[in-house]
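# Chain and residue survey
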Amino acid sequence: MAVLRVAHTPDPDDAYMFYGIVKGAVRLPGYERVEHLVEDIETLNRRLVEEGWEVEVTAASAHAYAYLADRYYLMTAGASMGEGYGPILVARGRLQGLRGARVAVPGRYTTARLLLRLATGGGYREVYARFDRIPGMVLRGEADAGLLIHEAQLTYSEMGLVKVLDLWEWWSSVARGLPMPLGVDLASRRLGREEAARLRGALQESIRYAWSHHREALEYAAGFARSGSLEQIDRFVRMYVNERTLDMGVEGRRAHRLLYEMAWDERLIPEPVEPEFV
């Protein structure tokens, strides 16, 4: 009997969608046990891209997949996609422009960083920082602006920060109504397509379980939040665990292909990417 290694982030949306698997409500025949490896998203990205880390199922940024397509399938379940919302660039006050500014971004391989480069063309000085440290860096003047992901997208104004750029607004102007790719779940090609598809089905079952046991799944997920009330965490979870998380559908697939086409056109990824979905 094999051990199934599942790597995901300590974020409320990931915790929520994997709740059914964590609790053992979703059975995984053929595996003796499930080993959960929990790391922040950029740590996962770097281990996967730079260290060649291999696990059966892992969360990653959609950007990072551009470096992993030869080793992993892109699962049609588990994706975080923005529709009406997405990463937000903030500052302490009005900025004259980004050229030459110090901009804190949540890691080299995050999709937020890639989207910001696509939206602005660059020209600023990137400061890599763990995503939950970025608001404080901006408030202390260690960065002129900061790119926010996760719950801080909902709470930044309470911290005294102001919005400079909403990346969803930019994406919606260029993507012809498609949702915004952000995070994905991947399955190792070593599994083969059939087993990868079975594990994708298990993740879908876990999401459905969380929906049908929402309160307990939410309370479990809230234990991973860095900020926000239970009501705000509930709102965040509902934003990023939705019907497209269950199955990204045709539009979700098109959105990922568009992201990689745009990134390759600007040579922001090492080679063209044609995602292989399971």
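Here's what I pulled together on the structure shown here.

Strand order in this open sheet of five strands is β8-β7-β9-β6-β10, and the pairing throughout is mixed. Both edges of this open sheet fall to β8 (125–128) and β10 (162–166), since each of them pairs with a single strand only. Within this sheet the neighbouring strands show an average axis-to-axis angle of 30 degrees, counted without direction. With three bridges joining them, strand β6 (residues 88–91) and strand β9 (residues 145–148) adopt antiparallel strand pairing. Residue pairing in the sheet places I88 in a bridge with L148 of β9. Against the sheet, helix α8 (residues 167–174) engages β9 and β10, with an angle of about 20 degrees to β10.

This part takes up the environment of A221. Looking at where A221 falls in the secondary structure, it is placed in helix α10 (residues 214–222). Filtering out sequence-adjacent residues up to four positions away, A221 remains in contact with P12, A15 and Y16.

This next bit is on the packing of helix α5 (residues 111–120) against α8. Put simply, α5 and α8 touch, their axes get as near as 10 Å, and they point 60 degrees apart. The hand of the α5/α8 crossing is left-handed. Contacts between α5 and α8 pair A112, L115, L116, L118 and A119 from the former with L167, W170 and W171 from the latter. Of the residues in the contact of α5 with α8, the class split is eight nonpolar, no polar and no charged.

We now examine α8. Along α8, the residues that are buried comprise L167, W168, W170 and W171. One side of α8 holds all its buried residues, which, seen down the axis, span an arc of 160 degrees. Tucked inside the fold, the buried residues of α8 contact β5 (80–82), α5, β9, β10, β11 (180–188) and α13 (249–265). Its side-chain oxygen placed 2.9 Å from the backbone nitrogen of W168, D166 serves as the N-cap of α8. Residue R176 follows α8 closely and has a positive phi angle near 55 degrees.

Take the packing of aromatic side chains next. Enumeration over the complete set of coordinates arrives at seven aromatic pairs. The interplanar angle of 35 degrees and the centroid separation of 6.1 Å between the aromatic rings of Y19 and Y209 together place this pair among those described as tilted. Residue Y19 is located in helix α2 (residues 19–23), and its partner Y209 is located in helix α9 (residues 193–212); the two are separated by 190 residues in the primary sequence. Since its relative accessible area comes to 10%, Y19 is described here as buried. Plain terms: the ring middles of Y65 and Y260 are 6.2 Å apart, the flat faces sit at 45 degrees to each other, and that makes the pair tilted. A residue pair is termed long-range when its members are at least 10 positions apart, and Y65 in helix α4 (residues 62–65) and Y260 in helix α13 qualify at 195 residues. An aromatic cluster is present here, built from Y19, Y209 and Y220 joined pairwise through their rings. Over the aromatic face of W53 sits the side chain of R47, whose NZ or CZ is 4.0 Å from the ring centroid. Here the guanidinium or amino end of R267 rests over the ring plane of W264, the centre of that ring lying 3.9 Å away.

Taken as a whole and assessed by the stated rule, the structure comprises 20 salt bridges. Each of E39, R47 and E51 takes part in a single network of salt bridges with overlapping partners.

Another point: the nonpolar core. Burial of nonpolar side chains together is a common tendency in soluble globular proteins. In terms of nonpolar packing, the biggest core is built from 60 residues, with V103, W171 and Y260 touching the most fellow members. With six residues, α13 is the single largest residue contributor to this core. Once residues lying within four places of it in the same chain are set aside, the contact partners of V103 are L89, L98, L116, Y124, R125, E126, V127 and A145.

Here is what the cut-offs are and how they apply
- Residues numbered from 1 in each chain as written.
- Predicted model: local features only at pLDDT ≥ 70, side-chain atom pairs only at ≥ 80, totals over all residues.
- Heavy atoms only, no water.
- Pairing = 2+ DSSP bridges.
- Helix = DSSP H or I, 4+ residues; strand = E, 2+ residues; numbered from the N terminus.
- Axes fitted to C-alpha atoms, helices over the stretch in contact; angles between N-to-C directions.
- Contact = heavy atoms within 4.5 Å.
- Left-handed = near helix turned anticlockwise from the far one by under 90°.
- Nonpolar A, V, L, I, M, F, W, Y, C, P; charged D, E, K, R; others polar.
- Buried < 20%, exposed > 50% of the residue type's maximum accessible area, 1.4 Å probe, protein only.
- Arc of directions from axis to C-beta.
- Polar contact = N/O pair within 3.5 Å; in protein donor to acceptor, adjacent residues only side chain to side chain.
- Phe/Tyr/Trp six-rings, centres within 6.5 Å; stacked < 30°, edge-to-face > 60°.
- Lys NZ or Arg CZ within 6 Å of the ring centre and 35° of its normal.
- Salt bridge = Lys/Arg side-chain N within 4 Å of Asp/Glu carboxyl O.
- Core = buried A, V, L, I, M, F, W, Y, C linked by side-chain atoms within 4.5 Å.

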